[in-house]
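Below are the chains, spelled out letter by letter.
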Amino acid sequence: MHEFDPELLQDFITESGELLEQFDGDLVLLEESPTDPELLNRVFRALHTIKGSASFLSLTELVRVAHAAEEALNNARRGGLLVTREVMDLLLEGADVIKGHLAQLQTCEALTPARPALVAALTKLGESSAGAHAPSGAAAAAPTRAPAIDPTRTPLVLPAHKNDLLDFMVADFEEAALRIDGAVEGLADPATRDDCAQTILENCGPTVATIEFFELASLSHLMQSIEVAAERVASLRDETLAQLQPRLRAACALLREHASALRDRTVCGFDPGDLLDRITDLAMGNPIEESAMLAPGAGPQDALLVDSGGALPGASTPGAPVAPIAPVVAPVANAVSGATTGADPDHAPDGADAQGDRGGQGVGAAGGATIRVDVVRLEALLDLVGELVLQKNRVAAITRRVGAIEVVPRDLRDALAQGASDLDRVCGDLQLAVMRTRMQPLDKLFGRYPRLIRDLSRSTNKKLRLVIEGGDTEVDKSVIEQLGDPLVHILRNSSDHGIETPEARRAAGKDETGTITLRARHEGEHVLVEISDNGRGLDRERILKRAVERGLCTPEEGAAMTDQQAFAFIFAPGFSTAEQVTDLSGRGVGMDVVRTNIEKVKGTITLRSKQGEGTTVSIAIPLTVAILDAMVVGLGEEEYAIPLGNILEIVKPEPAALSTIHGRPVMRLRDEVLPLIDGCTLFGVPADRRSSSPFAVVLSMNGQTAGLLVSRLIGQREIVVKSLENSVAGQAPVSGATVGDEGEASLIIDVSRLLSLATQESRVGRGVPPLTPQTSAASPGSPGTQGPAAGGRRRAA
């Protein structure tokens, strides 16, 4: 592999990775709508962009498979190929090969060649069918190659790594020339002038970069002259444009002549004379000599005769009628940043392309709308905002202390309070702005799953449909990274366990195609992600039977549980109801990991199901996990932070509401009995520093609820989460640390581990039943018979 700037290579890997994600999802959609011209063009452009950039980097193996797949897609665009299931298998395999190449580039490995049979099969698919009709929106005809301008050509000598890529470059260059030619035709119409100029710029910029890579100086000069004209065309008067446009058409004829020569591995020897200088002069508004003025209605041959002394065959005098150089093509504006455009002369632009993004790389584009920023810089910026939040909290604390000192003048106290308030507002706005820079739409994640469902459909012999809703919902980048694997596992379970076989669905009176719905929406400070299927649903009795077999509960306890409490056993480590292990599931090693990953981002996961109708898994995750609201409590002399989203309420229990069951503390709260954890005991606070009348913070997460006894309440505070090393955290239920108003460190309580600890304590000695209505009624000092929810919540772990 040729050596390139590591930053340039990393940009290619990043951009191509994003395009491949889009490509994968669009291919699956294309399989369902194989003649959709918009989809065909979108997948073609994505692959073409990857190939063009790879050509510039001399990634020959990647270019080879990308070009073969691109040719197949282009044949489909022309109507010569129908995208069947078998064709899609080959295209997806090609995409997988390119993904593997990107992974190898990331680790600086040599690229593994694609299977020769795959490249051969894709190449065969790309062969044109005689008499094929282009789909709606495609170009009606391939361009007619211009006759040679000058037979004098010199052999082209290139280094080996560039020579291998020349054919790909020529194919790209020819389509770029075709697009530019079509756009030049549209410059005459004021209604399309701006769009056509933008199209020229978008095709010239990346094409010039590729030409310079091959060190074709004369061709580069030609392209740059056209580019300069496109930058200035909007400001030109009509009479100037009338002199410029024929010369631009002549320049396009020269582009095609250069392409023809390059196909033969030669260099065009035609001298453009004054043509390029006059194009530049006209574009810049400079006058040209009277003898160079073209007559009204002049064509490209006239321009060549006047400016270079040469002419196309068939034109002998200026102003003589001539045949058109190439068919007029509708202007397009569709180049993608960082890559050459086009594949071969058959890759005609089409109406769908005209709707493409104008995210300009060319000079004079509306451009600069977005920039790519290294995530490390965003992390550093977020850390600084976190430090600012800490200082804001400290200023607020100092302001409160000063405000309580009566000897301080009133106007000074008011000024300090106003300054603290303004700092709080500005800090909040800055924090929100920085958070938004880290926000990404869930589409970036959801786009991976249509391909997954297609593959699962093939491996399970089931008919599956994936519906995605709310993909534009945005969450923090770190949350997206943690959410990927859990969603994959849940979708696998829905496909393997949830959706029935086509035969079983027909027997149940259902559509034989099962539907899995992946949706997301905002709910307050959280994002709710739901995965629903219309399959067989969960079998409560089967789950409870397996739970009893594994010793997770007794039959009596199971009978007292609600459905949600029973379904929660699915999250127990090693739990599975599958009768046999498959390649997809059945080992019991997934759902507990799913819950663990969700809890890492302070999220919760719940299950709803109705047998015969389907199952819904709901995941609630915070928008961000770096800065959060918390309740600060005291345990002895130490302060601890509890995430506010996990607090249901805070009470000060009466002595009569506190009791024990089987030696374990519980608390009666209205119609429920909750397990209770003494925070001072848990964190080793000496007895002489504990409060005689503690508060109980009622915590809830993933269907589990328990009370935490604390010595005192300090107040609500916005905290900045700092991670802890495992060796520091140990086995204590803490998830991180924060800095208080006075600069002191406070630990953040891990609610998930705390609730698991409460559940474990309630089941010490296996065979000692957890809290149930019967045991609570029989226990000394018990508050009486309670509803089933309390015991069930504890069992749900």
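Residues numbered from 1 in each chain as written. Predicted model: local features only at pLDDT ≥ 70, side-chain atom pairs only at ≥ 80, totals over all residues. Heavy atoms only, no water.

**Student:** Looking at this structure, how should I read the overall build of the chain?
**Tutor:** Looking only at helices and strands, the chain features 27 helices and 20 strands. Considering the chain as a whole, with its 797 residues, one finds that 51% of them fall into the buried category. As presented, the chain carries roughly 35,600 Å² of accessible surface, and 53% of it is formed by carbon and sulfur atoms. (Helix = DSSP H or I, 4+ residues; strand = E, 2+ residues; numbered from the N terminus. Buried < 20%, exposed > 50% of the residue type's maximum accessible area, 1.4 Å probe, protein only. Areas by Shrake-Rupley, 256 points an atom, 1.4 Å probe, with all protein chains shown as cover.)

**Student:** What is the right way to look at the sheet that holds strand 16 (residues 695-701) in this model?
**Tutor:** Backbone-to-backbone hydrogen bonds join strands into a sheet, with any given pair of strands oriented parallel or antiparallel. Read from one edge of the open sheet, six strands run 12-16-17-15-14-13, paired in mixed fashion. The open sheet has two edge strands, strand 12 (647-651) and strand 13 (658-661), and neither has a second partner. For this sheet, the mean inter-axis angle between neighbouring strands, taken without regard to orientation, is 35°. Relative to strand 17 (residues 704-710), strand 16 is paired through seven bridges, and the arrangement is antiparallel. Residue pairing across strands places Met701 opposite Gln704, the latter belonging to strand 17. (Pairing = 2+ DSSP bridges. Axes fitted to C-alpha atoms, helices over the stretch in contact; angles between N-to-C directions.)

**Student:** Help me out: how do you make sense of the sheet that holds strand 10 (residues 627-635) in this one?
**Tutor:** What the five strands build is an open sheet, ordered 18-10-11-20-19; its pairing is mixed. Every interior strand has two partners, whereas the edge strands, strand 18 (712-720) and strand 19 (734-739), have only one. For this sheet the average axis-to-axis angle between neighbouring strands, irrespective of direction, equals 35°. For strand 10 and strand 11 (residues 638-643), the ladder comprises six bridges, and the chain directions are antiparallel.

**Student:** I'm lost on the packing of helix 10 (residues 238-263) against helix 11 (residues 275-284) in this one. Help?
**Tutor:** In helix packing, the relevant descriptors are the interaxial angle and the interaxial distance, both defined with respect to the helix axes. Interaxial distance between helix 10 and helix 11 falls to 10 Å at its minimum, and their mutual angle equals 140°. The chirality of how helix 10 crosses helix 11 is left-handed. For the pair helix 10 and helix 11, the contacting residues are Thr240, Gln243, Leu244, Arg247, Leu248, Ala250, Ala251 and Leu254 in the first and Leu275, Arg278, Ile279 and Leu282 in the second. (Left-handed = near helix turned anticlockwise from the far one by under 90°. Contact = heavy atoms within 4.5 Å.)

**Student:** Before we go on, may I ask you to explain helix 22 (residues 591-600) in this structure?
**Tutor:** Along an α-helix, residues three or four apart share an orientation, since each turn contains 3.6 residues. Most of helix 22 sits out of view: seven of its 10 residues are buried. For helix 22, every residue scored as buried is listed here: Met591, Asp592, Val594, Arg595, Asn597, Ile598 and Glu599.

**Student:** Would you mind showing me how to read the pairing of strand 6 (residues 513-523) here?
**Tutor:** Regular strands have side chains that alternate between both faces of the sheet. As judged from the seven bridges shared by strand 4 (residues 463-469) and strand 6, these two strands associate in the parallel manner. The partner of Lys463 across the bridge, within strand 6, is Thr513. Relative to strand 7 (residues 526-533), strand 6 is paired through eight bridges, and the arrangement is antiparallel. The residue of strand 7 that forms the bridge with Ala520 is Val529. Linking two consecutive strands that pair antiparallel, namely strand 6 and strand 7, is a turn of two residues; a positive phi of about 65° is found at Gly524 within it.

**Student:** I'm lost on the pattern of salt bridges in this one. Help?
**Tutor:** Inspection of the entire model under this criterion finds 39 salt bridges. In this structure, Arg448 engages Glu21 in a salt bridge whose closest nitrogen and oxygen atoms are separated by 3.8 Å. Remark: Glu21 occurs in helix 1 (residues 6-32) and Arg448 occurs in the loop between helix 15 (443-446) and helix 16 (449-460); sequence separation between them is 427 residues. By relative accessible area, which is 32% here, Glu21 ends up partly exposed. Where Glu530 meets Arg608, a salt bridge forms, and the shortest distance between an N and an O atom there is 3.9 Å. Separated by 78 residues along the polypeptide, Glu530 in strand 7 and Arg608 in strand 8 (residues 604-610) bring together distant segments of the chain. Connected through shared salt-bridge partners, Asp24, Asp96, Lys99, Arg451 and Asp455 make up one network. (Salt bridge = Lys/Arg side-chain N within 4 Å of Asp/Glu carboxyl O.)

**Student:** Any chance you could explain the packing of aromatic side chains here in plain terms?
**Tutor:** Remark: the centre distance and the inter-plane angle together describe each pair of aromatic rings, the angle taken between the planes. Evaluation of the coordinates by the stated rule reveals one aromatic pair. Ring centres 4.6 Å apart and planes at 40° place the aromatic pair Tyr640 and Phe683 in the tilted group. Of this pair, Tyr640 sits in strand 11 while Phe683 sits in the loop between helix 23 (679-682) and strand 16, and the two are 43 residues apart along the sequence. Over the aromatic face of Phe44 sits the side chain of Arg77, whose NZ or CZ is 4.0 Å from the ring centroid. (Phe/Tyr/Trp six-rings, centres within 6.5 Å; stacked < 30°, edge-to-face > 60°. Lys NZ or Arg CZ within 6 Å of the ring centre and 35° of its normal.)

**Student:** It is not clear to me how the environment of Ala758 should be interpreted in this structure. Could you clarify?
**Tutor:** You can see Ala758 is positioned in helix 25 (residues 751-762). In this structure, the C-alpha to C-alpha distance between Ala758 and Gly707, residues 51 residues apart in sequence, is 8.9 Å.

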